[in-house]
Amino acid sequence: MTSRAAIALVYTGLLLMGLLFISPIAFMLAGSFKPDARVLMEAGEWRAFWPAEMSLQNYRDVFTRVDFARFLWNSLLINGAIVGLGLLVNALAGYAFARLAWRGRDLMLSLVLAVMIIPIEAIAVPLFYLVSLFGWRDTYLVQILPFIANAFSIYLFYTYFIGMPRELEEAARIDGAGVLRTFFSVILPNAKAVFASVAILTFLTQWGAFLWPLMVTSSESVRPLPLAIATFHSLPPLQWGDIFAFGMMMVLPVLLIFLVFQPWFVRGVAATGIKG
Amino acid sequence: MAGVEYRHVDKTYPDGTRALSNLCLSVGDGELMVLVGPSGGGKSTALRLLAGLDPISGGEIWIGDECVNALSPQRRDIAMVFQNYALYPHMTVRRNLEFPLRMMRLGRSATAARVNDTAALLGLTPLLERRPRELSGGQRQRVAMGRAMVRQPRVFLMDEPLSNLDAALRTQIRAEIAGLQRRLAITTVYVTHDQVEAMTLGDRIAVLNAGRLQQVGPPQVLYDRPANTFVAEFLGNPGMNILAAGLSRDRRSLQLRSSGWEIPLAELPQRCRELAQHLAGPFLVGLRPEAFSPRLGTTTEMIVETVESLGHERLVTVRPAADTKGGGQTSLVARLRGGQAEGAGQKIELGLDGEQLRFFDEQGDLMG
């Protein structure tokens, strides 16, 4: 086989794979613009991916049937707080592990790395008991606080900081800056890539959080989008077009954030050496 | 401004590596002291301890009349130029220069004045709004110097500041550093592994090897009278030839062992004759490459191994004609000028200048 033919074959294969992966979103996107009756009717044919008549009716329906804006706000608030506070806390922790000398540092680092493999499902019940004890159920706080400190984020910051030239910090210290000043004036501005990576990764994992919010919230006023779409799904009448419109609006913020931060994200992933 | 003093300073790293042993060294107010030595010699460690970047294991370091052992780097009133410059990449040249002054909480107008003065002094004014990545190596080096100078610290620390520059630029900036240091008269501790830099820059040089101070003194003194064979071989390019030697049975002539070279004591200066009379066992002699010449006293026949021509002079590696096998054990390097260039394998006659002869005992320490 000639090399041209081989390349063509590889690209065709990749293209088919790409189409396969994008098809659910394309199906959802097309469906979100179709009248409800056509969504299932055309599901088995190519028209599933093509809205013949475009209509925003499904999107309007979502807003009239549920308080979508409220859920969106809840999700944005919870995720914004987790990402923002998480960046601060985890970056400082990663820096302390990478650069400060303190007793028990290596042991603590091993513990943090060990914690990475424990899924939320494993600690959900004791954690639920704990937050109930504090009377935090059905609040924003209970959906934010447990997720600020994150072992994986600390690990990403740690690996990035440990690879930064030490002289920069030493120069800052000699120039008269203390530890925090050095961190905020010298380290942080030179670590945008890892901040972007951690922000995106945190956002992606938390945006779809379902189990924990389901356990600790009961009122709509504090519930995030993943719970809302589950409820919406079971809300009669079953309207697939509406569900798709809801789904599209839920995916959109993630896509936007990824597209905006993508250049830094790629650099950050390359710099920290993590793999997807 | 202030002098610097190391008092019995030790440094052992947590893994047990002993980087510095009992260093005692005093640097005068306004003096430029060069710490020189091979990698792992302890020179950078000595600088980092003075900067407060690493904790000291034993002894005391004084800056002026203050023991700084317990002071953090920011409270020692020092400035440092790093080997890779360590400029803040996200800041413009101006912001880089301002940073230490902002940390000092100097007023806005005073900061601007000092930054502008320093920039003018170093020719950085047109570059003030650029970022480090937009500068050449030499310009970055100047910014690093500027950031150190703008503080007007008690002591300058320089950690191989020229090693990332090309040869021509290195010579130019070396001269600039020497000029600036003299003008500002700020006590400076300068670390380098380059003995040419050490010889040309230092008011005094301290040679360190394996964590121990070998010798300290003005460059010419170290060159002429090295305290031991390490200093003798380290300083000078190429270093001193060190040869095993002894006296002839009748104690009338000096024999350079394994080279078959025999020099009547009568041809040597008074100093050498007196010293030789007290020698019993074998010893070592040291000869700078420039001590050899084709027409000097008793000559001996040598075979040319290699010739490096530097234009104005030649570095000729020779071995005694008596040593037929060669192999470098008995080779020595002579610095020759004028005359016809030698070819490899050619036989030449070489004599030596007895004034330049140095004697070392078997442990390698200078005698006499």
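Everything quoted here is computed from the prediction, not taken from an experiment.

Rules used in this analysis
Sequence order as written defines the numbering, with residues in each chain counted from 1. Chains carry letters from A onward and ligands carry numbers from 1 onward, assigned in written order. Reporting in this predicted model follows two pLDDT cut-offs: at least 70 for local features of residues, and 80 or more for side-chain atom pairs to be given and counted; totals over whole chains, interfaces and linings ignore these cut-offs and use all residues. Heavy atoms throughout the structure, all of them, feed into the side-chain values; hydrogens and water do not. Those domain boundaries reflect an automatic or database domain assignment. The criterion used for residue contact is that any of the two residues' heavy atoms lie within 4.5 Å. Each of two parts loses accessible area, computed with a 1.4 Å probe, when they are put together; buried area is these two losses added. The salt bridge definition used is simple: a Lys or Arg side-chain nitrogen within 4 Å of an Asp or Glu carboxyl oxygen. Here a strand is any run of E in DSSP of at least two residues, a helix any run of H or I of at least four, and the numbering for each starts at the N terminus. Residues are grouped as follows: nonpolar covers Ala, Val, Leu, Ile, Met, Phe, Trp, Tyr, Cys and Pro; charged covers Asp, Glu, Lys and Arg; every other residue, Gly included, is treated as polar. When DSSP finds at least two bridges between two strands, those strands are taken to pair. What counts as an axis is a line fitted to C-alpha atoms, over the stretch in contact for a helix, and the angles between N-to-C directions run from 0 to 180 degrees. Confidence per residue, as judged by the predictor, is encoded in pLDDT with a range of 0 to 100.

Caption draft 1: Representation of the domain arrangement of chain A within the structure. All names here are of chain A. On domain assignment, one finds that chain A holds domain 1 (1–54) and domain 2 (56–272). The C-alpha centroid of domain 2 is placed 32 Å from the C-alpha centroid of domain 1. Taken together, the contacts link eleven residues of domain 1 with 13 residues of domain 2. Approximately 1,000 Å² of surface area, both sides summed, lies buried where domain 1 meets domain 2, with 70% of it carried by carbon and sulfur atoms. Area buried by domain 1 at its contact with domain 2 is led by Met28, Ser32 and Asp36, which between them contribute 52% of it. Taken together, domain 1 and domain 2 are joined by zero salt bridges. Elements that contribute at least two residues to the side of domain 1 that touches domain 2 include exactly helix 1 (3–32) and helix 2 (36–41). Examining the composition of the side of domain 1 that touches domain 2, we find that six residues originate from one element, helix 1, more than from any other. Of the residues in the side of domain 1 that touches domain 2, the class split is seven nonpolar, two polar and two charged.

Caption draft 2: Fine view of the sheet that holds strand 2 (residues 18–27) of chain B. Residues and elements named next belong to chain B. Spatial ordering of the open sheet is given by 2-1-4-5, a layout of four strands whose pairing is antiparallel. The open sheet has two edge strands with one neighbour each: strand 2 and strand 5 (66–67). In this sheet, strand 5 lies alongside strand 4 (residues 58–63) in antiparallel orientation, the contact comprising two bridges. Note on strand 5: the bridge partner recorded for Ile63 is Glu66. Those strands touched by helix 1 (residues 43–51) are strand 1 (4–12), strand 2 and strand 4, and its axis lies near 115 degrees from that of strand 1.

Caption draft 3: Spatial organisation of the confidence of the model for chain A. Confidence in the prediction of chain A, expressed as mean pLDDT, is 88, and 96% of residues score 70 or more. Averaged pLDDT values over the elements of chain A bottom out at 77 in helix 2 of chain A and peak at 95 in helix 4 (residues 68–99) of chain A.

Caption draft 4: Up close: the interface of chain B and chain A. Contacts between the two partners involve 23 residues from chain B, matched on the other side by 16 residues from chain A. For the pairing of chain B and chain A, the buried interface totals around 1,700 Å² over both sides, and the portion due to carbon and sulfur atoms is 60%. When residues of chain B are sorted by the area they lose upon contact with chain A, Gln74, His90 and Met103 of chain B head the list and together hold 30% of the total. The interface formed by chain B and chain A holds two salt bridges in total. Residue Arg147 of chain B pairs with Asp175 of chain A through a salt bridge whose shortest N-O separation is 3.5 Å.

Caption draft 5: A look at the domain arrangement of chain B. All names here are of chain B. Segmentation of chain B into domains returns domain 1 (4–234) and domain 2 (241–367). The straight-line distance from the C-alpha centre of domain 1 to that of domain 2 is 39 Å. On the domain 2 side, the residues contacting the ten residues of domain 1 number nine residues. Roughly 880 Å² of surface becomes buried between domain 1 and domain 2 when both sides are summed, with 49% attributable to carbon and sulfur atoms.

Caption draft 6: Highlighting the sheet that holds strand 10 (residues 212–217) of chain B. All names here are of chain B. With mixed pairing, six strands are arranged side by side in an open sheet as 6-7-8-3-9-10. Every interior strand has two partners, whereas the edge strands, strand 6 (78–81) and strand 10, have only one. Averaged over neighbouring strand pairs, the angle between their axes works out to 15 degrees when direction is ignored. Inspection of the sheet shows strand 6 paired to strand 7 (residues 155–159) by four bridges, in the parallel sense. Across the sheet, Ile78 pairs through a bridge with Val155, a residue of strand 7. Packing of helix 4 (residues 137–149) onto the sheet brings it into contact with strand 6 and strand 7, and relative to strand 6 it is tilted by some 175 degrees.

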